[in-house]
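The residues making up each chain are set out below.
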Amino acid sequence: MRLQAIAYRQTPKSETDEFQTEQPEAIVSRLPGATYSAATGRNLNQKWLLIAQALSTEPKLKEYLDQLRTFVLNNTKLDLEKDILNWMDGDYAFFLFPSKGGLLGSIPNLNLGIGIALETNNRAAAETTLKKLDELIKSFSEGEVVVNTHDIQGQNITSWDINGESSQSLLAYNWVDEKTLVISTGFGAIKDLVPQPYIPLPATYNFQTATNSLPRPNYGYFYLNGGSTLSWIYGFAPSFFDDKNFRPWKSIIGSIYSLSATSSTTPDKEQVDFLMVLAPTRRPINPVGKE
């Protein structure tokens, strides 16, 4: 099922939109094939500046914005715009994926990792921010969290380890190439992401059918893997979904392979696409001699 909305311009524009990317799958190659859900895009820094500019026109909203900046500065000693967002000028991806390790690994049946992949054209600024955060967590934890470096197939992984134990890692990060930073919820979780996922998301049939028909360039994707997400939900709360009142809905919900969406622009139009890929229904095979 596909939904599409198009708005045509009366006067075509000539400038190139910096938020679109020619190869939106490039950053997605840093995500594992079994990713539950992902949201991607380009240039978080510029998007934030536009949002902040819009919020500043309303006195009450500007007050909330200033409170947010003050909160971040007081708690991290970092300037929200200059230190944190300023270097986030490339493609990015936020994603949820299966993992039994890391910060969330101690929660029974959760099987969840949270990841961020960020491209930057200013790695030096990014590394300065990361070092400041490393020092902050050591100071805040009064030495209970140790910032360690671990090796995974030649990759140096920085990990925030409680009492120095990688099995109790709160957060881990690594530069998977010269300009791409991957951050995840602990060392146990990031092991599935570096130096690269065993099966990258763009190589999977599910992601291909969810995105191949969408326009390019675009502003990035929203993607939901129906099968892996449902398996995760059923495993996390099995008693609820085994309830007899819910059982009739399981086959309906289970027929959704994927959900995806994107938006795009050309000189003469703006376009939004939403796609739902459904699993085919197979008729049961009758025993021999019966109809």
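Here's what I pulled together on the structure shown here.

Cut-offs used in this document
- Residues numbered from 1 in each chain as written.
- Predicted model: local features only at pLDDT ≥ 70, side-chain atom pairs only at ≥ 80, totals over all residues.
- Heavy atoms only, no water.
- Helix = DSSP H or I, 4+ residues; strand = E, 2+ residues; numbered from the N terminus.
- Contact = heavy atoms within 4.5 Å.
- Areas by Shrake-Rupley, 256 points an atom, 1.4 Å probe, with all protein chains shown as cover.
- Lys, Arg positive; Asp, Glu negative; His and termini not counted.
- Charge placed at Lys NZ, Arg CZ, Asp CG, Glu CD.
- 1 Å grid on protein atoms, 1.4 Å probe; cavity = no way out; pocket = protein on both sides within 12 Å on 5 of 7 lines; lining within 4 Å.
- Points joined across faces, edges and corners; volume = space filled by probe spheres on them.
- Core = buried A, V, L, I, M, F, W, Y, C linked by side-chain atoms within 4.5 Å.
- Buried < 20%, exposed > 50% of the residue type's maximum accessible area, 1.4 Å probe, protein only.
- Salt bridge = Lys/Arg side-chain N within 4 Å of Asp/Glu carboxyl O.
- Phe/Tyr/Trp six-rings, centres within 6.5 Å; stacked < 30°, edge-to-face > 60°.

Here we look at the overall build of the chain
Here's step 1: Along the backbone of the chain there are 10 helices and 11 strands.
Here's step 2: Across its three principal axes, the chain shows a C-alpha extent of roughly 75 × 60 × 40 Å.
Here's step 3: Long-range contacts, defined as pairs at least 24 residues apart, comprise 63% of the intrachain contacts of the chain with a sequence gap of at least 6.
Here's step 4: By element, 57% of the accessible surface of the chain is carried by carbon and sulfur atoms, the whole surface being about 16,700 Å².
Here's step 5: When the 26 positive and 31 negative side-chain charges of the chain are each reduced to one mean point, those points stand 7 Å apart.

Focus on the layout of surface pockets
Here's step 1: Taken as a whole, the largest pocket encloses approximately 500 Å³ of empty space.
Here's step 2: Together, 23 residues line the largest pocket, and Ile84, Ile116, Leu133, Leu171 and Ile183 are the ones closest to its centre.
Here's step 3: If you list the elements that add at least two residues to the lining of the largest pocket, you get helix 4 (80–85), strand 4 (113–119), helix 5 (123–140), strand 7 (169–177) and strand 8 (180–184).
Here's step 4: Counting residues per element, the lining of the largest pocket draws most heavily on strand 4, at 4 residues.

Some words on the nonpolar core
Here's step 1: Membership of the largest hydrophobic core comes to 24 residues, with the highest contact counts inside it found for Leu31, Phe95, Ile157 and Ile190.
Here's step 2: At the level of elements, helix 1 (25–28), strand 3 (91–97), strand 7, helix 6 (187–190), helix 7 (205–211) and strand 9 (221–225) are the ones that each hand at least two residues to this core.
Here's step 3: If we ignore the near neighbours within four places in the chain, the residues touching Leu31 are Ala38, Ala93, Phe95, Pro197, Ile199, Pro200 and Leu201.
Here's step 4: Core analysis: the second largest hydrophobic core is formed by 20 residues, Leu44, Trp87, Met88 and Ile137 among them.

Quick look at the pattern of salt bridges
Here's step 1: For the structure on display, the rule yields 13 salt bridges.
Here's step 2: A salt bridge links Glu81 to Arg69, with the shortest nitrogen-to-oxygen separation between them at 2.9 Å. Here Glu81 is found in helix 4, whereas its partner Arg69 is found in helix 3 (residues 59–76), with 12 residues between them in sequence.
Here's step 3: Using a relative accessible area of 17% as the deciding quantity, one classes Glu81 as buried.
Here's step 4: Judged by its relative accessible area of 26%, Arg69 falls in the partly exposed class.
Here's step 5: Shared partners join several salt bridges into a network, and the residues in it are Lys62, Asp66, Arg69 and Glu81.

Examining the packing of aromatic side chains
The description of two aromatic rings rests on the distance between their centres and on the angle between their planes.
Here's step 1: According to the stated counting rule, one finds 5 aromatic pairs in the structure shown.
Here's step 2: An angle of 75° between the planes, with centres 5.1 Å apart, marks the rings of Phe207 and Tyr223 as edge-to-face. With Phe207 in helix 7 and Tyr223 in strand 9, this pair connects stretches of sequence that are 16 residues apart.
Here's step 3: One aromatic cluster is present, formed by Phe207, Tyr221 and Tyr223 through successive ring pairs.

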